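# Coordinate analysis (summary)
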Amino acid sequence: MTDLTLPAGQAAAIYDVLVQHAGASPDGRDEFVLYQTTWQCDDYPFRGSLGPGGNFLITQTTWHVSAWHDDVQRNPNLRDVIAVTNAVLATLRAGYAARGALT
């Protein structure tokens, strides 16, 4: 099994994106960083502007957010929030990859 834990700096940078683009609460930063640096946390519920189904997901090749399908159907604007957030996360991840800094 691949280790999906992150260095604290990367986890904090990801959470900055979640706060700025997906409405995550700044108060959740410490918990997010703890989970991402300590456990194999591949699906983290941050909620934010994506509602109760707002999750950050990490795989071997991507960092991205998602929301419950029903919430997106009821509020199509969530598609834009997801698309923008995922684009910023992809750019952030690519920057770490280019520097050889991905774990």
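Reading the values: rules and limits
Residues numbered from 1 in each chain as written. Predicted model: local features only at pLDDT ≥ 70, side-chain atom pairs only at ≥ 80, totals over all residues. Heavy atoms only, no water. Buried < 20%, exposed > 50% of the residue type's maximum accessible area, 1.4 Å probe, protein only. Helix = DSSP H or I, 4+ residues; strand = E, 2+ residues; numbered from the N terminus. Arc of directions from axis to C-beta. Contact = heavy atoms within 4.5 Å. Salt bridge = Lys/Arg side-chain N within 4 Å of Asp/Glu carboxyl O. Pairing = 2+ DSSP bridges.

For the rest of this paragraph, the subject is helix α2 (residues 29-38). Listing the buried residues of α2 in full gives F32, V33 and Q36. Burial along α2 is one-sided: seen end-on, the buried residues are contained in an arc of 95°. Elements that come into contact with the buried residues of α2 comprise α1 (8-22), β1 (43-45) and β2 (55-58).

So, about the pattern of salt bridges. One pass over the structure, following the stated rule, counts two salt bridges. Between D16 and R29 there is a salt bridge whose closest N-O contact spans 2.7 Å. Of this pair, D16 sits in helix α1 while R29 sits in helix α2, and the two are 13 residues apart along the sequence. Among the residues examined, D16 registers a relative accessible area of 38% and is labelled partly exposed.

For the rest of this paragraph, the subject is the side chain of Q10. Along the chain, the position of Q10 falls in helix α1. Looking at Q10, the relative accessible area reads 4%, which means it is buried. If we skip the residues at most four places from it in the chain, Q10 touches W63, Y96, A101 and L102.

Now for the pairing of β2. Residues in a regular strand project their side chains so that they alternate between the two faces of the sheet. Residues N55 and L57 line one face of β2 and the alternating positions F56 and I58 line the opposite face, and both faces are buried. Here three bridges tie β1 to β2, and the two strands are oriented antiparallel to one another. Each residue of the ladder has a partner; that of Y44, found in β2, is F56. Alignment of β2 against strand β3 (residues 63-66), held across four bridges, turns out to be antiparallel. Each bridged residue has a counterpart across the sheet, and for N55 the counterpart in β3 is S66.

Honestly, that's just the spatial picture; any functional story needs more than this.
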